[in-house]
Every structure is written in structure tokens, then in C-alpha cells.
Amino acid sequence: MYRDTDAAPDEPGGQSPATGVPGATDLDHLLVGLQLTDSAFPSGFYTLSHGLEGFVQEGAVDRDSLPLLLHDLLRHGVGPSDATALALAHRAATAGDWEAVAAVDRRLHATKLSQEMRRAAARTGRQLLDLAAEVFGTDGVARYHREVTARRAPGTQAVAAGVVYAAAGVPVRQAVAADLFAFCASFAGAALRLQLTDHRLAQVLLRRTAPVIAETTCQALARGFEDLGSTTFTADVMSARHERAEARLFAS
């Protein structure tokens, strides 16, 4: 059996500050963010195109317009809805106000107009909470996981992420930016599978989207509960058509 022979005999057994233990450092917060945004983290993001497949099916996007679509989705869709909900849920969870967390969760769920978007948000959020309860083992994650399991809250992905980041002690600004990057990386991955881009150009897309992520983060942090919602009417129409398509590669 392999053992760490350098560890002191009375050293605590493997509890990392990155799991939410008081005294976590900036490096711990970075490591949490890297783990949660890693494409290998099985939250279910790889099954989503975030509406992109619907645009492809309608011939409404190509390689040249792909960055414009992503930036519009960030500014007018994900930013005012999911990113704002994450920030609100993070602050409420940090304050221990679980009723407020659930209220944000329900409102975000209601703002998603198409059935597939509601299902995708809830499925990935519940998966995130279930896995994070095991990975991080913090009381806050376990508590909200029980609320969602009992169907007292929908458990949308953005709110689940806010709860997890808050429990791990990751600052709200960093949490919002990390989750927005995870969205963009997932979007770029979907574009690859839909043959709208290649691996090199996907990385160019992500880098050129960084200023929009920063802009969207700042705006999300400034919004309140009443501002939560999106204005992406074309994306909503594409999603509604996509959920009735005969052949689909992605769940959304």
C-alpha cells in the first residue's frame, strides 16, 4: 500500500482548504474553479449546445458569425439570467439565507421559456450538487442538495454553482467569471462537434471572448433579484424548434 512517508504522524487526514475549510487561500479558490470548469468534471455540460444546434439546424449561424452569437448570448442571455442568479445565490448562501437561494432558483427556472432549457438547467444543476456533496463535503452543499432532492427547489445549474462556490469560499466575482468561462468552453466544444470550428480556432474564440466575460461578470454582480431574466428571443425560438427536431445531437 502506497503511503506518504513525509507526513507527520498527527497530520490531519487529507482535508484540503479547497473543500471549504476556513483559512482557504487564493490558490485554493483557484483550484476549486479549475476543477469545476474542467471539461472532465461530469456535470453534464458536454450534452448541451446551449441553443447552438438549433441555430445550425436553421442555417442561422456559420463560422464567421459564431463569435457574434456567443457574445450576444453572454450579454443578453446568460449574463442577465444565469450569471446574475449565480451571484445572488452565492451571496444568499454565504449569508445562510436558504429561502433566498430557493427563491432565486425558482425565478431562474421560470425565466427559461423552453422545456428543454428548463430540463437541461435542472438536470445539470442536480448532477452538480450531487457530485459536489461528495467531492467537497460541505454542509451548505449537502443542505441545498437535500432541498432539491425533496423537490422544494428546481436546482438549476447556475444556482447550484453559486451554492458550491460559496461553500468552498470562492469569492463571488471569481465564481461568476469561472462559470461564464465554463459556459463558453462548453459552447466552443459544441461548435467543434457541429463542425463550425476547429480546435485551434475554438481557442482563439475563447481568448477573444475574455473581455466579454469580464464585462458580463461586472454587470451580473450589479444586478438585483428583480433584474433576473434574459432577452434572447431568437435563441428561445431556436430552442423551441430544436426540442421538436427529429434528430438531435445535443439535449439543448
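Residues numbered from 1 in each chain as written. Predicted model: local features only at pLDDT ≥ 70, side-chain atom pairs only at ≥ 80, totals over all residues. Heavy atoms only, no water.

Draft legend 1. How the structure looks around the nonpolar core. The biggest cluster of nonpolar side chains holds 68 residues, and the ones touching the most others in it are Leu52, Tyr144 and Val176. Element by element, the count of residues in this core is highest for helix α3 (residues 66-94), at 14 residues. In this view, Val176 contacts Ala83, Leu86, Ala87, Thr217, Ala220 and Leu221; residues no more than four positions away in its chain are not counted. (Core = buried A, V, L, I, M, F, W, Y, C linked by side-chain atoms within 4.5 Å. Buried < 20%, exposed > 50% of the residue type's maximum accessible area, 1.4 Å probe, protein only. Helix = DSSP H or I, 4+ residues; strand = E, 2+ residues; numbered from the N terminus. Contact = heavy atoms within 4.5 Å.)

Draft legend 2. Here's a closer look at the packing of α3 against helix α7 (residues 157-167). Their axes nearest at 7 Å, the elements α3 and α7 cross at an angle of 40°. The orientation of α3 relative to α7 falls into the category oblique. Of the two possible hands of crossing, α3 and α7 adopt the one that is right-handed. In this structure, α3 contributes Asp82, Ala85, Leu86, Ala89, His90, Ala93 and Thr94 to the contact, and α7 contributes Ala158, Val159, Ala161, Gly162, Val163, Tyr165 and Ala166. Its residues assigned to classes, the contact of α3 with α7 comprises ten nonpolar, three polar and one charged. (Axes fitted to C-alpha atoms, helices over the stretch in contact; angles between N-to-C directions. Parallel < 35°, antiparallel > 145°, perpendicular 65-115°, else oblique. Left-handed = near helix turned anticlockwise from the far one by under 90°. Nonpolar A, V, L, I, M, F, W, Y, C, P; charged D, E, K, R; others polar.)

Draft legend 3. Summary view of the environment of Glu226. Within the element layout of this structure, Glu226 appears in the loop between α9 (199-222) and α10 (233-242). Here Glu226 falls in the exposed class, since its relative accessible area comes to 61%. Distance in space between the C-alpha atoms of Glu226 and Val104 is 9.9 Å, their sequence separation being 122 residues.

Draft legend 4. Region of interest: the packing of aromatic side chains. A full pass over the atoms with the stated rule returns two aromatic pairs. Residues Trp98 and Tyr144 carry aromatic rings whose centres are separated by 6.1 Å and whose planes lie at 25° to one another, so their mutual orientation is stacked. Here the residue Trp98 occupies a position in helix α4 (residues 98-111), and Tyr144 occupies one in helix α6 (residues 139-149), the gap between them amounting to 46 residues. Taken as a pair, Trp98 and Tyr144 share a single burial class, namely buried. Directly above the ring of Phe225 sits Arg107, whose terminal nitrogen or CZ lies 5.0 Å from the centroid. (Phe/Tyr/Trp six-rings, centres within 6.5 Å; stacked < 30°, edge-to-face > 60°. Lys NZ or Arg CZ within 6 Å of the ring centre and 35° of its normal.)

Draft legend 5. The arrangement of the environment of Asp105 in detail. Checked against the element boundaries, Asp105 lands in helix α4. In the structure, Asp105 is positioned 51 residues away from Thr156 in sequence and 6.2 Å away in space, judged by C-alpha atoms. Excluding residues within four positions of it along the chain, Asp105 makes contact with Tyr144, Ala153, Pro154, Gly155, Thr156 and Val159.

Draft legend 6. Representation of the pattern of salt bridges within the structure. With the rule as written, the count across this model stands at three salt bridges. Glu215 is paired through a salt bridge with Arg75; the nearest N and O atoms lie 2.9 Å apart. Note that Glu215 is positioned in helix α9 and Arg75 in helix α3, a separation of 140 residues in sequence. Its salt-bridge partner being Arg152, residue Glu147 comes within 3.1 Å of it at the nearest N-O pair. The class for Glu147 is partly exposed, based on a relative accessible area of 25%. (Salt bridge = Lys/Arg side-chain N within 4 Å of Asp/Glu carboxyl O.)

Draft legend 7. Local environment of α4. The terminal C-alpha atoms of α4 lie 20 Å apart, and with 14 residues this matches the ideal 20 Å at 1.5 Å per residue to within 8%. The complete set of buried residues in α4 reads Trp98, Val101, Ala102, Val104, Asp105, Leu108 and Thr111. At its buried positions, α4 is contacted by α3, α6 and α7. (Expected span 1.5 Å × (residues − 1).)

Draft legend 8. Representation of helix α5 (residues 115-135) within the structure. The end-to-end C-alpha distance of α5 is 30 Å, a good match for the 30 Å that 21 residues give at a rise of 1.5 Å each. Residues of α5 that are buried include every one of Glu116, Ala120, Ala121, Ala122, Thr124, Gly125, Leu128, Leu129, Leu131 and Ala132, and no others.

Draft legend 9. The arrangement of the packing of α5 against α7 in detail. Closest axis-to-axis distance for the α5/α7 pair is 7 Å, and the angle between their directions is 20°. On the basis of their axis angle, the class for α5 and α7 is roughly parallel. Of α7, the residues touching α5 (which contributes Ala121, Thr124, Gly125, Leu128, Leu129 and Ala132) are Gln157, Ala160, Ala161 and Val164.

Draft legend 10. Geometry of unusual backbone geometry. Its identity as a non-glycine residue notwithstanding, His50 has a phi of 60°, on the positive side. Residue placement: His50 occurs in the loop between α1 (26-37) and α2 (52-57). His50 gets classed as buried once you look at its relative accessible area, which sits at 13%. Although it is not a glycine, Gln195 adopts a positive phi angle of roughly 60°. As for its placement among the helices and strands, Gln195 is situated in the loop between α8 (172-193) and α9.

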